[in-house]
Amino acid sequence: MNKDKKFRILSLDGGGIRGLYSAKILQKMEEEFKIDFYNDFDLIIGTSTGSILAGAIVKKIPLQVVISLYEHEGKKIFKKKFFSRIGLFQSIYKPDYLKERLKDIFKNTTLGQIEKPLIINATDVGNSTPFVFKTQHPKRELVRDKDIALYDAILASSSAPIYFPPHKVGDYLLADGGLWANSPVLVALSEAIYSFDIKPENISIVSIGTGVEKIEYDFNTKAWGFLTGWKKQKFISTILNLQTISNQNLINFLVNENNILRLSYESNATLPLDDVSQNKNLLSKADHHFTYRYEEIKNFINNHIKGI
């Protein structure tokens, strides 16, 4: 591949139900600027809830399908098991309903059947390493992932600790990719440079977040068990936030800031991964941020995405 070719990346963060914010931002970009995410980007990458959106894009499934999944079926996806309400011995939620809905949406499509370059991040808990699902790319033949179902890769990437149990795919036991790449932009950059042989200065990135909360712990906390100081879900949110913030800070050192469009927000309130009562607020926030940054988004798309 020509190193001087312009290369466009769409990077989609993890964040549970907060993916509704990302989905709405994408939908508004599509409607307002007639952007075609499948054809206007060279690489799509997603982690956790971002992998659902990434999967929809490479399968050319309308974003409204994913928005409806969050809006109308979130309560069924995040329905607590009776014996795990306090989350001591098991995950809070069963993955069954989410799995069935993902199968309904993506059918039996395998990664080997997808022509668009796609990356989905997970965590190999059995071997304590990152796990990256990939469709075919130029440098080597896809071997390990070609027969893996797209819905299986997405479910693995979405299996956040405490919330859902790890998901077995083949011989691997996998959990949420957000544990190491909640904002997967660095993974995408590495893939563009190594696998597609692109110079960093020729890479343009649209990175869509799901919000970052300013989590603080009480300085005077004496006990640091999950039932006391670490506070289970709050601790998981802290890990995901740290991954997001660190990755975004690092990408700014590696790529010209003019070549990156980052759309997300900060919150002083908690941002749970499973709070479906916030759906209307997420939609409103997406609309507000899109309107507020309209000219910036339009200029970036015109200069870095369209017509290249």
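Cut-offs used in this document
- Residues numbered from 1 in each chain as written.
- Predicted model: local features only at pLDDT ≥ 70, side-chain atom pairs only at ≥ 80, totals over all residues.
- Heavy atoms only, no water.
- Helix = DSSP H or I, 4+ residues; strand = E, 2+ residues; numbered from the N terminus.
- Buried < 20%, exposed > 50% of the residue type's maximum accessible area, 1.4 Å probe, protein only.
- Contact = heavy atoms within 4.5 Å.
- Pairing = 2+ DSSP bridges.
- Expected span 1.5 Å × (residues − 1).
- Arc of directions from axis to C-beta.

*Asks:* Pulling in residues and values, what's your account of the side chain of Arg 101?
*Replies:* Structurally, Arg 101 is set in helix 5 (residues 96-106). The buried category is assigned to Arg 101, whose relative accessible area is 17%. In contact with Arg 101, other than residues within four places in its own chain, are Leu 69 and Glu 73.

*Asks:* Could you give an account of unusual backbone geometry, naming the residues involved and the relevant values?
*Replies:* The backbone of Lys 60 shows a phi angle near 55 degrees, a positive value even though the residue is not glycine. Assignment of secondary structure puts Lys 60 in the loop between helix 3 (49-58) and helix 4 (63-77). Here Ile 162, not a glycine, exhibits a phi torsion of approximately 80 degrees, which is positive. Examined against the element boundaries, Ile 162 turns out to sit in the loop between helix 6 (150-157) and strand 5 (167-169).

*Asks:* Any details on the pairing of strand 2 (residues 43-47)? Residues and values, ideally.
*Replies:* Summarising burial for strand 2: 5 of the 5 residues are buried, a large majority. Note: strand 1 (residues 7-12) against strand 2, 4 bridges, orientation parallel. What sits directly across from Leu 10, in strand 2, is Ile 44. Relative to strand 3 (residues 118-124), strand 2 runs parallel, the two being bridged by 4 bridges. By the bridge assignment, Ile 44 is partnered in strand 3 with Leu 118.

*Asks:* Can you lay out the environment of Thr 109 for me, pointing to particular residues and giving the numbers?
*Replies:* In this fold, Thr 109 is placed in the loop between helix 5 and strand 3. Assessed through its relative accessible area of 8%, Thr 109 is described here as buried. Placed 42 residues apart in sequence, Thr 109 and Tyr 151 show a C-alpha to C-alpha distance of 7.9 Å. Not counting chain neighbours up to four residues away, the residues in contact with Thr 109 comprise Lys 59, Ile 114, Ile 148, Ala 149 and Leu 150.

*Asks:* An account of helix 11 (residues 294-305) is needed here, citing residue identities and associated values.
*Replies:* With 12 residues, helix 11 extends 15 Å between its outermost C-alpha atoms, agreeing within 8% with the 16 Å of an ideal straight helix rising 1.5 Å per residue. Listing the buried residues of helix 11 in full gives Ile 297, Phe 300, Ile 301, His 304 and Ile 305. For helix 11, the buried positions fall inside an angular range of 100 degrees around the axis, keeping them on one side. Considering only its buried residues, helix 11 is in contact with strand 1, helix 1 (19-33), helix 2 (37-40), strand 7 (203-208), strand 9 (260-263) and helix 10 (279-292).

*Asks:* Let's hear about the pairing of strand 7: which residues, and what values?
*Replies:* A large share of strand 7 lies buried, amounting to 6 of its 6 residues. Along strand 7, one buried face is formed by Ile 203, Ile 205 and Ser 207 and the opposite face, lined by Ser 204, Val 206 and Ile 208, is buried too. Relative to strand 7, strand 1 runs parallel, the two sharing 6 bridges. Note on strand 7: the bridge partner recorded for Phe 7 is Ile 203. With 4 bridges joining them, strand 7 and strand 9 adopt parallel strand pairing. Counterpart to Ser 207 in the pairing with strand 9 is Arg 262.

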